[in-house]
Each structure stands twice: as structure tokens, then as C-alpha cells.
Amino acid sequence: GWWLDTRRVGAQPLLIDCGLGEDISFPAAFLRRFAGARVIGVDPNPRSIAYCEQHRPPGMEVLSGAFWTHGDQTMVFHLPRRQDQLRHGADGVSGSLDSSHEYVGGGEQIEVRTIDLDGLLAHAGSTECDVLKLDIEGAEYELLEALARSGKIRSARQVLVEFHHGWTRRTLDDTQMAVDQLAAAGFQLAHTEGRNFIFRRNDA
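Cut-offs and rules
- Residues numbered from 1 in each chain as written.
- Predicted model: local features only at pLDDT ≥ 70, side-chain atom pairs only at ≥ 80, totals over all residues.
- Heavy atoms only, no water.
- Pairing = 2+ DSSP bridges.
- Helix = DSSP H or I, 4+ residues; strand = E, 2+ residues; numbered from the N terminus.
- Axes fitted to C-alpha atoms, helices over the stretch in contact; angles between N-to-C directions.
- Contact = heavy atoms within 4.5 Å.
- Core = buried A, V, L, I, M, F, W, Y, C linked by side-chain atoms within 4.5 Å.
- Buried < 20%, exposed > 50% of the residue type's maximum accessible area, 1.4 Å probe, protein only.

Visitor: Even after reading the chapter, I still don't get the sheet that holds strand 6 (residues 109-115), so can you show me in this structure?
Guide: Strands in a sheet are paired, the pairing made by backbone hydrogen bonds, and the direction either parallel or antiparallel. An order of 4-6-5 is seen for the 3 strands of this open sheet, with the pairing classed as mixed. Since the sheet does not close on itself, it has two edges, and those belong to strand 4 (66-67) and strand 5 (74-78), each with one partner.

Right, here's the structure in full:
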């Protein structure tokens, strides 16, 4: 689950959910909570796509691809190692664009196509989304820096991020830098729960 400021969700609710894994309880809850809501989910892992296509509720669309700074590029995606090679409690489906992620060392690699925020909004027929959720296993640092620098992050009214300091080469200082970058782009850190950070656009 994720915390969300429901007062900041508009009349045509749109959630862009990047990094689905095999848990779509949050988009399902979003669709139940808000009348007329839509969800666009994105994941580069074929196993995740197969799971989500089988279980997605009405109102949720699933796209195969890696959310990134630029669309229509080819990138290397690192699949996780076998379940018996991962630490206890690992889901076995969380791959990463970041080769330093603890789950992926020595695992299989595949090529994936990228999709960016502009492309997802165009696909949705919208100029902004109510919620942008990122659980992209370490790739969030470079992505957020680029979106904040360009101002494109302001196409989201709320941004939900799971940070992966310690699980990748990134540190807690890198996470603080990302928080500062979002603040400079006009987002307030509204809530934290463990590694999950919830940001609200100041004028939303």
C-alpha cells in the first residue's frame, strides 16, 4: 500500500504506475477509490507483464517497457537472479536498469524499449497525471534528476517513490539529493514510510 493525499486527485483520476512486479494491489485500490479512474502500468520484466495482464482489474492498462528519461530507446534490463540465490523475502521479480542492484548480479539480461513521461501522457490523452508512482529499483535517481531539471516532473500532481539506497550503489545522501531536487522543482515532501516517499506539487 501507499499513502496518498486524496484531496489532490482531480475529476478524471489518472495513475501512472511504473514498476509493477507481481503486486497490483495499489492500482486496484486506486480504481476502487476513485470513480472513473484510469491506471497505466509499466514494467520491463516479461514475468511481471504476464502476471499483471492476467490479474489486472477493469480500468487498468499494462504496457511493456522501461520508464526512462527518453522514450523509444533500447536499454539493457537486468533480470533478478534465481529465487534460491536471493536474500530471504526477496520477491524474485524485481529486476533493474541499474546493474548495481543487489538482486541482479550475475543474472540474465534482456533488451527493453523505453517509454518516457511525455509518451505515457500522450498515450493517456492527458497533459498531466494525478499520481506518478515509481518503484523502479534504483533507476529513480537518474530519472528524477532529469525530470526535475527539465520541469517535466510537474506534469504529475503527486509523486510516490520507493528509494533504493543501500540496495544499489546509491546512498542515503543520494536520496536526500533527490528530495532536494524535487523541492527545487516545486514539490513538498508530504509523508515517508520506510523507503516510500510521497511528494505533492505545491500548486496542485
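Visitor: Would you take a moment to explain the sheet that holds strand 1 (residues 14-18) for this structure?
Guide: Strand order in the open sheet formed by 7 strands is 3-2-1-7-8-10-9, and the pairing between neighbours is mixed. Edge positions in the sheet fall to strand 3 (60-64) and strand 9 (187-193), since each has one partner strand and no second. Averaged over all pairs of adjacent strands, the angle between their axes in this sheet comes to 15°, without regard to strand direction. When strand 7 (residues 129-134) meets strand 8 (residues 156-162), the two strands line up parallel, connected through 5 bridges. Bridge pairing links lysine 133 to leucine 160 in strand 8. Taken strand by strand, helix 5 (residues 172-184) contacts strand 9 and strand 10 (196-201), and its axis lies near 10° from that of strand 10.

Visitor: Help me understand the nonpolar core in this model?
Guide: Generally speaking, nonpolar side chains in soluble globular proteins are found buried as a group. Grouped together as the largest cluster of nonpolar side chains are 42 residues, with contacts concentrated most on Ile16, Cys18, Leu120, Leu132, Leu134, Ile153 and Phe199. Take this core: its biggest share by element is 5 residues, from helix 4 (residues 140-150). Sequence-distant contacts of phenylalanine 199, defined by excluding residues within four places in its chain, comprise Arg157, Gln158, Val159, Val161, Phe163, Val179, Leu182, Phe187, Gln188, Leu189 and Ala190.

Visitor: So what exactly am I meant to see when it comes to unusual backbone geometry here?
Guide: Excluding glycine, most residues fall at negative phi; most peptide bonds, likewise, are trans. In the Ramachandran plot, aspartate 72 falls in the positive-phi region, its phi being about 60° despite a non-glycine side chain. Turning to its location among the elements, aspartate 72 is positioned in the loop between strand 4 and strand 5. The exposed category is assigned to aspartate 72, whose relative accessible area is 61%. In this structure, glutamate 137 is a non-glycine residue whose phi angle is positive, near 55°. If you trace the backbone, glutamate 137 turns up in the loop between strand 7 and helix 4. Accessibility expressed as a relative area gives 9% for glutamate 137, which makes it buried.

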